[in-house]
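Each chain is listed here by its residues.
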Amino acid sequence: MESNYGILPDERSYRKCIIACNQAEHERQRKIRRSEQANEAYDVDRDTNDDSYLQWWECSLSLLRRMKEEGLSPDPQIYSSAISACEAAGEWQRALGVLRSMPNDGDGNIGSVCLPNLFCFNAAIAACEKGDAWVEALELYERMKNRGDTIRPNFITVNSILIALDKAGQPELAQDVYNHAIRDGILSPWKFRMDTNGKKRRVMDLHQFSGSMATIAVRSVMESMLSSKSCHDPKNDLILIVGKGLGSEGNVPVLRPKIQQQLQGEFCVNSEIQDSNAGRLRIVSSELQSFVERRRWR
């Protein structure tokens, strides 16, 4: 791909272009979501008015392929950007194809600079989640845990897996992944926060969780009260930090109504919004003890 000036692109040139394609694809998807939320039609081809033009995710794959054809060696950042572009476009099979095309993937050659990094795996798992390919997402998650090198699942990894399993109606698997993430220290929802009296109170902080992760966390603590290894004493009020919706589209609370609906529909437990903080839900001890008594009678 020699230019009119006789200059060949190098790894740095390709890297910047593929990263730019990834960013452009994500921005394109954000515009589509904003248009959908505003009930407006978004013309995805209005910039070109020609269906023959490649989409940004296709451009990233085309550049990656051309880079290899020219004998250049893509690094993990280039691969992860191409995978992420496919993830943004909902092309989960293409994302997996890029991951599997990486040299030495899965052969145990830890010294290879082309081994998939955390960003490659997270982007591929997120792509599978968006494509409802929960089996493939879970396989990647297990591969990450069993690699034996420095790559380990993080908060983003677990969040994508839990969303995929929640959408697929796999509550047992989702609960197992959540419990392992707690034991491995990836998730730590229990915090100590100051109450209105200036005293420290143990609370469950969910405001950084996705809706799926938050409901799984609430189910975990509620069901634990029925066992001998309860993570919360039902004789004490349970405080859930669900946020005020300041980081959501239109500053509308998302977690609060979702968790309230779950508590009422799944456990027949009422909750109340704290007067001093609209971002907190309070479940009084009498509700928790009543729940435990009802379930133990079954």
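These notes cover the structure that comes with them. (Residues numbered from 1 in each chain as written. Predicted model: local features only at pLDDT ≥ 70, side-chain atom pairs only at ≥ 80, totals over all residues. Heavy atoms only, no water.)

## Here's the deal with the overall build of the chain
Consideration 1: Scanning the chain for helices and strands turns up eleven helices and five strands.
Consideration 2: Expressed as a percentage of its 298 residues, the buried residues of the chain come to 44%. (Helix = DSSP H or I, 4+ residues; strand = E, 2+ residues; numbered from the N terminus. Buried < 20%, exposed > 50% of the residue type's maximum accessible area, 1.4 Å probe, protein only.)

## Comments concerning the packing of aromatic side chains
Consideration 1: Enumeration according to the criterion identifies two aromatic pairs in this entry.
Consideration 2: Each ring, one from F155 and one from F209, has its centre 5.9 Å from the other, and the planes form 55 degrees; the classification is tilted. Here the residue F155 occupies a position in helix α7 (residues 155-167), and F209 occupies one in the loop between β2 (200-205) and α9 (211-224), the gap between them amounting to 54 residues.
Consideration 3: On the basis of relative accessible area, F155 is assigned to the partly exposed category, the value being 30%.
Consideration 4: Given the relative accessible area of 11%, F209 is considered buried.
Consideration 5: Ring centres of F267 and F291 lie 5.6 Å apart, and the angle between their planes is 90 degrees; this geometry places the pair in the edge-to-face category. (Phe/Tyr/Trp six-rings, centres within 6.5 Å; stacked < 30°, edge-to-face > 60°.)

## Digging into the nonpolar core
Consideration 1: In terms of nonpolar packing, the biggest core is built from 69 residues, with L206, M222 and L240 touching the most fellow members.
Consideration 2: The residues contacting L206, other than those within four sequence positions of it, are A214, A217, V218, L240, I241 and L255. (Core = buried A, V, L, I, M, F, W, Y, C linked by side-chain atoms within 4.5 Å. Contact = heavy atoms within 4.5 Å.)

## Some thoughts on the pattern of salt bridges
Consideration 1: All told, the structure shown has twelve salt bridges when counted by the stated rule.
Consideration 2: Taking the shortest distance from any N to any O, the salt bridge between R30 and E27 comes out at 3.0 Å. Pair noted here: R30 and E27 are both in helix α1 (residues 11-37), with a separation of three residues, about one helical turn.
Consideration 3: On the basis of relative accessible area, R30 is assigned to the partly exposed category, the value being 34%.
Consideration 4: Overall, E27 belongs to the partly exposed group, its relative accessible area being 28%.
Consideration 5: Linking R193 and D205 is a salt bridge whose minimum nitrogen-to-oxygen distance equals 3.5 Å. Pair noted here: R193 is in strand β1 (residues 190-194) and D205 is in strand β2, with a separation of twelve residues, a long-range link.
Consideration 6: For R193, a relative accessible area of 31% puts it in the partly exposed group.
Consideration 7: A residue is classified by how much of its surface remains accessible, and D205, at 9% relative accessible area, is buried.
Consideration 8: In the salt-bridge network here, residues are joined through shared partners; they are E27, R30 and R34. (Salt bridge = Lys/Arg side-chain N within 4 Å of Asp/Glu carboxyl O.)

## Structural notes on the side chain of R256
Consideration 1: With respect to the helices, strands and loops of the structure, R256 is situated in helix α10 (residues 255-267).
Consideration 2: Within the buried set, R256 has no salt-bridge partner at all; the shortest N-O distance to an opposite charge, 11 Å, is to D275.
Consideration 3: From its side chain, R256 meets the backbone oxygen of A278 in a polar contact 2.9 Å long. (Lys, Arg positive; Asp, Glu negative; His and termini not counted. Polar contact = N/O pair within 3.5 Å; in protein donor to acceptor, adjacent residues only side chain to side chain.)

## Notes on the sheet that holds strand β4 (residues 272-273)
Consideration 1: Here we have five strands laid out as an open sheet, ordered β1-β2-β3-β5-β4, and mixed in their pairing. The strands lining the two open edges of the sheet, one partner per strand, are β1 and β4.
Consideration 2: In this structure, β1 lies alongside β2, joined through five bridges in antiparallel fashion. From the neighbouring strand, M194 faces β2, where its bridge partner is K200. (Pairing = 2+ DSSP bridges.)

## As for the state of the cysteines
Consideration 1: Throughout the structure, instances matching the rule amount to zero disulfides.
Consideration 2: Free cysteine: C59, not disulfide-bonded; nearest cysteine sulfur from C21 at 5.0 Å. (Disulfide = S-S within 2.5 Å.)

## Overview of the pairing of β2
A regular strand carries its side chains on alternate faces of the sheet.
Consideration 1: Count of turn residues in the β1/β2 antiparallel hairpin: five residues, of which G198 carries a positive phi of about 80 degrees.
Consideration 2: In the sheet, β2 pairs with strand β3 (residues 238-241) via two bridges, with the strands oriented parallel. Looking across to β3, one finds that D205 is bridged to I241.
Consideration 3: Following the backbone out of β2, through α9 and into the adjacent parallel β3, one traces a crossover that is right-handed. (Right-handed = clockwise from strand over helix to strand, strands pointing away.)

## Some details on the packing of helix α3 (residues 76-88) against helix α5 (residues 118-130)
Consideration 1: For the pair α3 and α5, interaxial distance at closest approach is 8 Å and the crossing angle is 10 degrees. With respect to each other, α3 and α5 are oriented roughly parallel. Contacts from P76, Y79, S80, I83, S84, E87 and A88 of α3 reach α5 at F119, C120, A123, A124, A126, A127 and K130.
Consideration 2: For the contact of α3 with α5, the class distribution of residues is ten nonpolar, two polar and two charged. (Axes fitted to C-alpha atoms, helices over the stretch in contact; angles between N-to-C directions. Parallel < 35°, antiparallel > 145°, perpendicular 65-115°, else oblique. Nonpolar A, V, L, I, M, F, W, Y, C, P; charged D, E, K, R; others polar.)

## Remarks on the packing of α7 against α9
Consideration 1: Between α7 and α9, whose axes approach to 8 Å, the crossing angle comes to 80 degrees. Taken as axis vectors, α7 and α9 run roughly perpendicular relative to one another. Taken together, the residues of α9 that come into contact with α7 (itself represented by F155, V158, N159, L162, I163 and D166) are S212, M213 and I216.
Consideration 2: Here the residues of the contact of α7 with α9 are counted per class, giving six nonpolar, two polar and one charged.

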